[in-house]
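# Structural overview for review
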Amino acid sequence: EEKPQLFNKEEFLPLDPTQELIFPPELILMSESASPQSLTFQGERMRWVSPSSLQELLQLKTRNPAAPLVMGNTNIGPDIKFKGTVHPLIISPTRVMELFEVTQTPQGVWVGAGCSLSELQSLLEKLLLQSPLEKTELFRALIQQLGNLGSQQIRNVASLGGNIMSAFPNSDLNPVLAAGSCRVSVISNGGRREVPLDQNFFVSFGKTILKPEEILLSVFIPFSRKGEFVRAFRQAPRKESSFSTVTTGMRVFFSEGSRVVQDVSIYYGGMGPTTVSASKTCQAITSRRWDEETLSRAYDILLEELVLPPSAPGGKVEFRRSLTLSFLFKFNLEVLQRLRDMNV
Ligand SMILES: Cc1cc2nc3c(=O)[nH]c(=O)nc-3n(C[C@H](O)[C@H](O)[C@H](O)COP(=O)(O)OP(=O)(O)OC[C@H]3O[C@@H](n4cnc5c(N)ncnc54)[C@H](O)[C@@H]3O)c2cc1C
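What comes next concerns the included structure. Counting from 1, residues in each chain are numbered in the order their sequence is written. Local features in this predicted model are restricted to residues of pLDDT 70 or higher, and side-chain atom pairs are both shown and tallied only at a pLDDT of 80 or more, whereas totals for entire chains, interfaces and linings draw on every residue. By convention in this description, side-chain values take in all heavy atoms of the structure and omit both hydrogens and water.

Moving on to the sheet that holds strand β2 (residues 47–50). For two strands to be treated as a pair, DSSP must find at least two bridges joining them. Put simply, DSSP H or I for four residues or longer makes a helix, DSSP E for two residues or longer makes a strand, and each gets a number counted from the N terminus. Ordered by their spatial adjacency, three strands build an open sheet running β1-β2-β3, and the pairing between neighbours is mixed. If you trace the sheet from one side to the other, it starts and ends with β1 (39–42) and β3 (89–91), each paired once. Along the sheet, successive strands turn relative to each other by an average axial angle of 15°, direction set aside. Lines fitted to C-alpha atoms define the axes here, with helix axes fitted over just the stretch in contact, and angles between the N-to-C directions of these axes take values from 0 to 180 degrees.

Salt bridges are defined by distance alone: a side-chain nitrogen of Lys or Arg within 4 Å of a carboxyl oxygen of Asp or Glu. Applying the stated rule across the entire model yields 14 salt bridges. The residue R338 makes a salt bridge to E137 at a minimum N-O spacing of 2.7 Å. Placement of the pair is R338 in helix α11 (residues 317–341) and E137 in helix α5 (residues 137–148), with a sequence separation of 201 residues. A 1.4 Å probe rolled over the protein chains alone gives each residue an accessible area, and that area as a share of the maximum for its type sets the label: buried under 20%, exposed over 50%, partly exposed in between. When its relative accessible area of 22% is taken as the criterion, R338 is described as partly exposed. The exposure class assigned to E137 is buried, which follows from its relative accessible area of 1%.

Moving on: the site of the ligand. M71, G72, T74, S159 and D172 are the nearest of the 27 residues found near the ligand. Contacts described as polar in this section are N or O atom pairs within 3.5 Å, which, within protein, must combine one atom able to donate a hydrogen with one able to accept it, while residues neighboring in sequence count only if both atoms come from side chains. Here an oxygen atom of the ligand sits 2.9 Å away from a polar atom, N or O, in the main chain of I76. Interatomic distance of 3.0 Å between a side-chain N/O atom of N163 and an oxygen atom of the ligand. Relative to its unbound accessible area of 990 Å², the ligand is 87% covered by the protein chains. Counting only elements with at least two residues in the shell around the ligand, the list comes to α7 (160–166) and β10 (215–222). Element by element, the count of residues in the shell around the ligand is highest for α7, at five residues. In the scheme used here, Gly and all other residues not listed as nonpolar or charged are polar, with Ala, Val, Leu, Ile, Met, Phe, Trp, Tyr, Cys and Pro taken as nonpolar and Asp, Glu, Lys and Arg as charged. When its residues are assigned to classes, the shell around the ligand shows 13 nonpolar, 12 polar and two charged. One heavy atom within 4 Å of a molecule or strand is enough for the residue carrying it to be called near that molecule or strand. For the accessible areas, the method is Shrake-Rupley and the probe is 1.4 Å, while residue cover comes only from the protein chains on display.

Quick look at the layout of surface pockets now. One water molecule sets the probe size; rolling that probe over the atoms shows where empty space is left. The method works on a 1 Å grid over the protein atoms by themselves. A cavity is a set of points holding a 1.4 Å probe that cannot get out, a pocket is an open set with protein on both sides within 12 Å along at least five of seven lines, and residues with an atom within 4 Å of a point line them. Grid points are joined across faces, edges and corners, and a volume is the space filled by probe spheres set on the points. When its volume is computed, the second largest pocket comes out at roughly 290 Å³. Surrounding the second largest pocket, 16 residues form its lining, N170, G270, P313, G314 and R320 being those nearest its centre. The class makeup of the residues in the lining of the second largest pocket is eight nonpolar, six polar and two charged.

This part is about the nonpolar core. Note on terminology: a nonpolar core comprises buried Ala, Val, Leu, Ile, Met, Phe, Trp, Tyr and Cys residues joined through side-chain atoms within 4.5 Å. Counting 50 residues, the largest nonpolar core has L160 and I221 as the members making the most contacts within it. Top contributing element to this core by residue count: α5, with six residues. Any two residues whose heavy atoms approach within 4.5 Å at even a single point are treated as in contact. If we skip the residues at most four places from it in the chain, I221 touches G108, V109, V111, L120, L138, F139, L142 and C182. If you look at the next biggest cluster of nonpolar residues, it comprises 30 residues, including F233, F254, I266 and A312.

What follows is about the pairing of strand β13 (residues 261–269). Counting buried residues in β13 gives seven out of nine residues, a clear majority hidden from the surface. The pairing of strand β12 (residues 246–254) with β13 spans eight bridges and is antiparallel. Bridge pairing in β13 places M250 opposite I266. The hairpin formed by β12 and β13 contains six residues between the paired strands, and G257 there has a positive phi angle of roughly 65°. Pairing of β13 with strand β14 (residues 276–277), which is carried by two bridges, proceeds in the antiparallel orientation.

Here we have four strands laid out as an open sheet, ordered β11-β12-β13-β14, and antiparallel in their pairing. Of all strands in the sheet, those bounded by a partner on one side alone are β11 (228–235) and β14. Along the sheet, α11 makes contact with β11, β12 and β13, crossing β11 at roughly 145°.

Orientation of helix α10 (residues 292–305) relative to α11, taken along the N-to-C sense of each, is 155°, at an axis distance of 10 Å. Classified by the angle between their axes, α10 and α11 sit roughly antiparallel to one another. Seen along the crossing, α10 lies across α11 with a hand that is right-handed. For the pair α10 and α11, contact is made by L295, A298, Y299, L302 and L303 and by R321, T324, L325, L328, F329 and N332, respectively. Throughout, the term roughly parallel applies to angles under 35 degrees, roughly antiparallel to angles over 145, roughly perpendicular to angles from 65 to 115, and oblique to all others. Rotating anticlockwise by less than a right angle from the far helix to the near helix defines a left-handed crossing, while the corresponding clockwise rotation defines a right-handed one.

Shown next as structure tokens:
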């Protein structure tokens, strides 16, 4: 039976890419000739300052530690609109080059905190093509999370540093970065320091251990080692454009040619006010063989470790607890498959 024609495709005008609007030449000239200087806009309730160098940014942040850095505005913006938050001063560091630098080392890659999530995704995809598969376990787990995070519009403006510093309990990146032993480089007028992104980094809802005057400069994402597996899982009301109900990053490292676990790291989002580490569960797996006995003990410990009170914000307590368990089960199956593929 022939389907009815709803419209005639033949009548469409062909697309001619050469006839698109031209990029305004005046803007090209402006970007080439204007000497960078600090910009200030004054509104009724708010002052907006855009420093032109890292030096200026650091001075500004030291003098105004409470002023937020606005990168993508996808966290600050909704807070201003829906929670009535007032910021008399905001700092816009989008012209500070150091926040966008990417440096590759033999151990991994430093990614500037200002890079958008789309840029991070393209960078990791590029590195994936250049590197042996076994070194890119963490990159692939991150790419998978990035593919389902927000929407293209959000990912084009939301920054890596903004996602980490928002310290949102449902962040899809933080559990994976933490499980993957990432670390961050932090800068203030007093100098620079490196901080591991681990269970101590996320202090409480929306708070990290960084001091108010400190700025997240870049994030180190390491290559994985031989015998190391990293996976990420998330469950949300919809596949895309939807915050996770529960989200996780999991990493395990095996001794060469054996099933004995040298090191394991499991982080969850959506199970409390911060990204949380299931450290007791990890302890119960470390130095043991990855087998049914070890894992069934781990499931019991996980259920005891990540408890949610019946009145926990967000509700769905039973559902969230079973998700933590089923993610570990999925991870178990994937690890078993990998071990089998490697003939261990
Ligand atoms: C519709 C929508 C859907 C979303 N879906 C998801 C999702 O599925 N999963 C997920 O994980 N997230 C999701 N998000 C959250 C989003 O990823 C974060 O809001 C975003 O990454 C924050 O980055 P930003 O650049 O917009 O931050 P901004 O709003 O510009 O800033 C946020 C905070 O970070 C601080 N900050 C920013 N950069 C630095 C720095 N370099 N040093 C120190 N502090 C800094 C600022 O001071 C501010 O307090 C969603 C957001 C929206 C609006």
